[in-house]
Amino acid sequence: MPNFIILIGGPGKFLGCDKAHDQTWKNFLVPIQLAGKKNLYNKASSETIHWVVYEPPYRHRWEDDSVIDPAEMKQSDGYWLHSIRKKAADDVTKSGAANYLQRIQHIASGAGATHKVITKPDEFWNFLNSFPKNSISRVWYSGHASEDGLMLSVTHTGACAAAAFPTDMIQLKDIRSHASLADRFVKPAMSNSKFYGCFTSKFAKEWKDVFGVPAEGAVNKIDFGTIDSPSPISNVLTRIEQTHTSLGSPDWKIHK
Amino acid sequence: MSVSIPRLAKTWVFAVTVLISSNNCSATAPDLKNGLNHAYEQLYNARFALEYPPREEILKICQEKQIKDCLSVYLPVQDAKQKLRQAIAKDQAAVFAHTVTTINQTCLKPEPDMDQQSVFRCYGAVIALYFFTDSVYDQKIRDLLSHAPRSIARVMLSTRFEWFYNRPHPDKWITVINTLPNDVLSDSEKQPVLKFFKESQQPYEKFGVML
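Everything numeric in this text was worked out from a predicted model, so none of it was measured. (Residues numbered from 1 in each chain as written. Chains lettered and ligands numbered in written order. Predicted model: local features only at pLDDT ≥ 70, side-chain atom pairs only at ≥ 80, totals over all residues. Heavy atoms only, no water.)

## Some points on the packing of aromatic side chains
Residue and element names in this part refer to chain B.
Move 1: Within the structure shown, the criterion is met by 39 aromatic pairs over all chains.
Move 2: Ring centres of F48 and Y123 lie 5.6 Å apart, and the angle between their planes is 85°; on these two criteria the pair is classed as edge-to-face. Linking F48 in helix α2 (residues 30-48) with Y123 in helix α5 (residues 116-127), this pair joins segments that are 75 residues apart in sequence.
Move 3: Exposure remark for F48: the relative accessible area of 1% places this residue in the buried category. (Phe/Tyr/Trp six-rings, centres within 6.5 Å; stacked < 30°, edge-to-face > 60°. Helix = DSSP H or I, 4+ residues; strand = E, 2+ residues; numbered from the N terminus. Buried < 20%, exposed > 50% of the residue type's maximum accessible area, 1.4 Å probe, protein only.)

## Describing the interface of chain A and chain B
Move 1: Of the residues lining the interface, 33 residues belong to chain A; the matching set on chain B comes to 32 residues.
Move 2: Note on chain A versus chain B: buried area summed over both sides is about 2700 Å², and carbon and sulfur give 57% of it.
Move 3: Linking chain A with chain B are four salt bridges, by the criterion used here.
Move 4: Residue B:R55 pairs with A:E147 through a salt bridge whose shortest N-O separation is 2.3 Å.
Move 5: The interface formed by chain A and chain B holds 16 residue pairs in polar contact (both at pLDDT 80 or more) in total.
Move 6: Within the residue set of the side of chain A that touches chain B, elements represented by two or more residues are β5 (144-146), β7 (155-156), β8 (162-163), β9 (169-171), α7 (172-177) and α8 (201-211) of chain A.
Move 7: Here the side of chain A that touches chain B gets three residues from one element, more than from any other, and that element is α7(A). (Contact = heavy atoms within 4.5 Å. Buried area = accessible area lost by both parts, 1.4 Å probe. Salt bridge = Lys/Arg side-chain N within 4 Å of Asp/Glu carboxyl O. Polar contact = N/O pair within 3.5 Å; in protein donor to acceptor, adjacent residues only side chain to side chain.)

## A look at the environment of A:T226
Residue and element names in this part refer to chain A.
Move 1: Along the polypeptide, T226 turns up in the loop between β11 (215-218) and α9 (236-242).
Move 2: Distance in space between the C-alpha atoms of T226 and F131 is 35 Å, their sequence separation being 95 residues.
Move 3: Setting aside anything within four residues of it in sequence, one finds T226 in contact with R239, I240 and T243.

## Some remarks on the pairing of strand β10 (residues 193-196) of chain A
Residue and element names in this part refer to chain A.
Move 1: Alternating residues of β10 divide into S193 and F195 and K194 and Y196, and every residue in both groups is buried.
Move 2: One ladder, built from three bridges, connects β10 with β11; its direction is parallel. Bridged to S193 within β11 is A215.
Move 3: The handedness of the β10 to β11 crossover, carried by α8, is right-handed. (Pairing = 2+ DSSP bridges. Right-handed = clockwise from strand over helix to strand, strands pointing away.)

Dropping the structure here:
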């Protein structure tokens, strides 16, 4: 039975000094959720879907959003940041989940996917390694990224720049270090692996070169926020792949 | 017959050596140290900030359109580069010594135990190795890598740092990396790192602190 693995990275904290990133905690979840509901990923009937969720950012974000301290309540930056965060946490509690991670687990279950939580990037590779030969149909990613790899979580530097810790990254170079996993993939591939993140085209190319399966990614930036904006493109995945950002076209590339 | 020193003992001996060597560096003026530390923290953005332009083409768009998100991380890195270069022009030996001391002190802890500022400073100091291209300093960096405890050696080779691409003798680096013990870098982990150093003689696209 082929296995379709979806790795989901997490958001940074929503800070008043950085309104450009992660205004919603479920930035990287909703596209996958919608793709599941509408079968935008053209799931083969034989495919089993596995959601692999990077736990630390969702835990930290919940800790931050679910408790608004008195200083934050007094904050008036014209954006009502604390209200947005509080509402997000309240919505999750109302849904019956104890926190964001449990909410994700419920959504995965509703989407008919298995749910695995990882706390270190290496555990993703261990998970791939746990499958038998010729059994992984494709791998998708949804989250922050750079040309050097997948940023499973982000923090903020002293000047409030969103940045990753290297220990929260799956580096592009890690693909080659795990070249022995090439035999885990079904060949010829049933569908393309896809990496939804900014500047992921090089990662996708390396994935194709090392594992011998087709892969897709963005040469430039993509914007997950586009799924909440009006658009003539109804398919949310296509919309992410095609909607221009401040840097122009995402230039979505398929590496075959 | 050579005697192998257990890794833990090696780390302890190394820590003591770092303390002694950092005392020897106390001649570095406090202002210079503070300035360099700030520069390392800024350089961190060149590799790990979300909005830092990853290529020259993206930088041009960023500058033409005056995109605030990317300029706000690019310009401080440029400032840090300028300050580092000015300091190197005045006293390259002192700046190199402080860079090495910073790597030794801030990258020594296993990464999950590092505090946030140490992470920025550690990786920023490693990024700053890009500015030391003389053969003498290149040899010193090789010595640093060869004798460093596992945690430091792994940080130095942890991502596609720009200094891999401007080494005066890439062949010597290939030899050093090939001879690193397996517990520092496994054979499969060496392959992508070697690939970076083998590419260093070829034309490359500008990225990170090269921009």
